[in-house]
Amino acid sequence: MVAASPPGGQLPSVRVLTARHQASPVTVAGAIRQLVAEGLVETRSGRGTFVAARPERTAGAADLSWQTVALGPARSGEHEMQALLALPPNGAISLSSGYLDADLQPSAALGAALARAARKPATWQRGPAEGREDLRAWFAREAGGGLRADDMVICPGGQAALSSALRALTSAGDTVLVESPTYLGALAAARAAGLRVVPVPADDDGVRPDQLAAAFARTGARLFYCQPLHANPSGATLAATRRAAVMETVRANGAFLIEDDYARDLTVDGTAPPPLAAGDPDGHVVYLRSLTKPAAPGLRVAAIGARGPAGARLRAARLLDDFFVAGPLQAATCEFVSSPAWTRHRRALRVALRDRREALLTALSRHLPDLVPSRIPRGGMHLWVRLPDGLDDTAVTTAAATEGVVVFPGRPWFAAEPAGAFLRLTYAAGPPGQMDEAVRRLARAF
């Protein structure tokens, strides 16, 4: 389309392109950003997107076509990750974000803590590669007492910690077991590390211990990745009756379990069970905890910990990746989580997430009652809804985009064939008053 249009020609709107090409709005918006970066189109505020003037080709102009051959095929999962992180088009309501709405973020407290930390000259100096001891000690306590400060290493976000753990604990060609469905970022990181990803069936009570044992026996895997608390995307929490069986299976197979405890601070109803790491005396659990989800996208601070040689390998892997996390960010984080502001934020967040979850459920009951899940998650940020038979999740996502609401299809969250057609609907990324209009638009798409 760009090649066939004259310089100055206006491109169709994102909505028109979405409908014409049966693509999601985040994919179309991403394609436009790429064209802007390449200088092929330009955006004009309030007017739209236009074909850029083409510079005349000279004898010395660059020819980058050789890179297509040199780079080879793109890695699996990259497109889905870009779509997951893409910003919604103007005017669209997003039910797809994985981060808190700006109104729920403790921006003032974080800003004040960062300002104070930045004024201290010592925070700009090089500290321990594994991170500040007081911050590591805080993360260790949060793990339930099964780990010490010396077992932890501070990382620039949960995704970086997970990527390092997968590389540190495996070799290319190894097998990693995952829940089905599971976190999209874990699938992408595992495939980027050259691992063979094998799904294990899970239900509303978390991973099924019998299927986990069968998967270990069939594959000989030595690593299992799971989110026992408010799993993303399903919202499932590993049932108390299954915790011991899962850990016994891991121990019997001489394997590691990466516990991604991203939702520890996102519990809405009741009290969250302790981390699996709290009851692991023999070092099978590798514990991961991030502050990005419960605080703000810009707080890229997480920790990962393990005992014994596994911990040493994790620390070595993080050192090779990026040396250490910026000192001012660590200092501000430590001050924030040690202050009354953190307690107040978690208390207010619990109430706000409950209100938004109920607003989304009410809207679904009113406009799309068939999509109300049979079991409501007790925490997290999302509803995992199954579509009626005969509907395709990708087609629904595309149709929803044309109606001005962004949702995320279920298919990419499965390591193999999906168990059905699903959507992940996020209630944490918008105000309660917006939920009814969002679901009304989604109903029009149906």
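Since the model is a prediction, treat every value here as computed from it, not as a measurement. (Residues numbered from 1 in each chain as written. Predicted model: local features only at pLDDT ≥ 70, side-chain atom pairs only at ≥ 80, totals over all residues. Heavy atoms only, no water.)

## Some thoughts on the overall build of the protein
Along the protein, the regular secondary structure elements total 15 helices and 15 strands. Against the globule reference of 22 Å for 446 residues, the protein gives a C-alpha radius of gyration of 23 Å, in line with a compact fold. Considering the protein as a whole, with its 446 residues, one finds that 51% of them fall into the buried category. Put simply, of all contacts in the protein between residues at least 6 apart along the chain, 73% involve residues at least 24 apart. (Helix = DSSP H or I, 4+ residues; strand = E, 2+ residues; numbered from the N terminus. Rg over C-alpha atoms; globule rule 2.2 N^0.38 Å. Buried < 20%, exposed > 50% of the residue type's maximum accessible area, 1.4 Å probe, protein only. Contact = heavy atoms within 4.5 Å.)

## Here's the deal with the packing of aromatic side chains
According to the stated counting rule, one finds seven aromatic pairs in the structure shown. For the ring pair Trp138 and Phe139, a centre distance of 5.0 Å and an interplane angle of 80° mean the geometry is edge-to-face. For Trp138, a relative accessible area of 6% puts it in the buried group. Arranged with centres 6.4 Å apart and planes meeting at 70°, the rings of Trp138 and Trp342 form a pair that is edge-to-face. Of this pair, Trp138 sits in helix H6 (residues 133–142) while Trp342 sits in helix H13 (residues 340–367); the two residues are 204 residues apart in sequence, bridging distant segments of the chain. By the ring-pair criterion, three or more aromatic residues cluster together here, those being Trp138, Phe139, Phe336 and Trp342. Note that Lys293 overlies the ring of Tyr99, its terminal NZ or CZ placed 4.3 Å from the centroid. (Phe/Tyr/Trp six-rings, centres within 6.5 Å; stacked < 30°, edge-to-face > 60°. Lys NZ or Arg CZ within 6 Å of the ring centre and 35° of its normal.)

## Some details on the packing of helix H7 (residues 158–169) against helix H11 (residues 309–322)
Each pair of packed helices gets described by two things: the angle between the helix axes and the distance between those axes. As a packed pair, H7 and H11 sit with axes 9 Å apart at the nearest point and diverge in direction by 120°. As judged from the angle between their axes, H7 and H11 are oblique. Here the hand of the crossing between H7 and H11 comes out right-handed. Residues Ala160, Ser164, Ala165, Arg167, Ala168 and Leu169 of H7 pack against Ala310, Arg313, Leu314, Ala317, Arg318 and Asp321 of H11. Split by residue class, the contact of H7 with H11 holds seven nonpolar, one polar and four charged. (Axes fitted to C-alpha atoms, helices over the stretch in contact; angles between N-to-C directions. Parallel < 35°, antiparallel > 145°, perpendicular 65-115°, else oblique. Left-handed = near helix turned anticlockwise from the far one by under 90°. Nonpolar A, V, L, I, M, F, W, Y, C, P; charged D, E, K, R; others polar.)

## Some remarks on the confidence of the model for the protein
Confidence in the prediction of the protein, expressed as mean pLDDT, is 88, and 92% of residues score 70 or more. Confidence, read as mean pLDDT per element, is least for helix H4 (residues 78–85) in the protein (66) and greatest for strand E8 (residues 223–226) (98). (pLDDT = per-residue confidence, 0-100.)

## Considering the pattern of salt bridges
As enumerated under the stated definition, the model contains 24 salt bridges in all. Between Asp134 and Arg132 there is a salt bridge, with its nearest N and O atoms 2.7 Å apart. Of the residues examined, Asp134 reaches a relative accessible area of 36% and is grouped as partly exposed. Residues Glu437 and Arg440 are paired through a salt bridge, measuring 3.6 Å at the closest nitrogen-oxygen approach. On the criterion of helical spacing, the pair formed by Glu437 and Arg440 is a turn pair, its members being three residues apart in helix H15 (residues 435–445). (Salt bridge = Lys/Arg side-chain N within 4 Å of Asp/Glu carboxyl O.)

## Description of the packing of H13 against H15
At a minimum axis separation of 8 Å, H13 and H15 run at an interaxial angle of 35°. Along this stretch, H13 crosses H15, giving a crossing that reads as right-handed. For the pair H13 and H15, the contacting residues are Arg356, Ala359, Leu360, Ala363, Leu364, Arg366 and His367 in the first and Met435, Asp436, Val439, Arg440 and Ala443 in the second. Residues belonging to the contact of H13 with H15 are distributed by class as follows: seven nonpolar, one polar and four charged.

## Regarding unusual backbone geometry
A negative phi angle characterises most non-glycine residues, just as the trans form characterises most peptide bonds. Of note, the amide linkage connecting Ser180 to Pro181 takes the cis form, showing an omega dihedral of 5°. Position of Pro181 relative to the elements: it lies in the loop between strand E5 (175–180) and helix H8 (184–192). Here the residue pair Asn232 and Pro233 is connected by a cis peptide bond, since its omega of 20° sits within 30 degrees of zero. Structurally, the position occupied by Pro233 is in the loop between E8 and helix H10 (240–252). If you check the backbone angles, His230 has positive phi at about 50° while not being a glycine. Following the sequence through the fold, His230 ends up in the loop between E8 and H10. For His230, a relative accessible area of 3% translates into the label buried.

## Description of the sheet that holds strand E6 (residues 196–203)
In a beta sheet, neighbouring strands pair by backbone hydrogen bonds and run either parallel or antiparallel. Taken in spatial order, the eight strands line up as E4-E11-E10-E9-E8-E5-E6-E7 in an open sheet, and their pairing is mixed. Looking along the sheet, the strands with just one partner apiece sit at the ends: strand E4 (152–155) and strand E7 (206–207). Relative to E6, E5 runs parallel, the two sharing six bridges. Opposite Val176, over in E6, you have Val197 as the bridge partner. Against the sheet, H6 engages E4, strand E10 (285–290) and strand E11 (302–305), with an angle of about 110° to E4. Taken strand by strand, helix H9 (residues 209–219) contacts E5, E6, E7 and E8, and its axis lies near 160° from that of E6. (Pairing = 2+ DSSP bridges.)

## Side note on the environment of Leu11
By secondary structure assignment, the location of Leu11 is in the segment before helix H1 (14–21). Considering only alpha carbons, one finds Leu11 and Met247, 236 residues apart in sequence, at a separation of 56 Å.

## Focus on the pairing of E10
The element E10 is extensively covered by neighbouring structure, given that six of its six residues are classed as buried. Alternating positions in E10 separate into two faces, Val285, Tyr287 and Arg289 on one and Val286, Leu288 and Ser290 on the other, with burial throughout.

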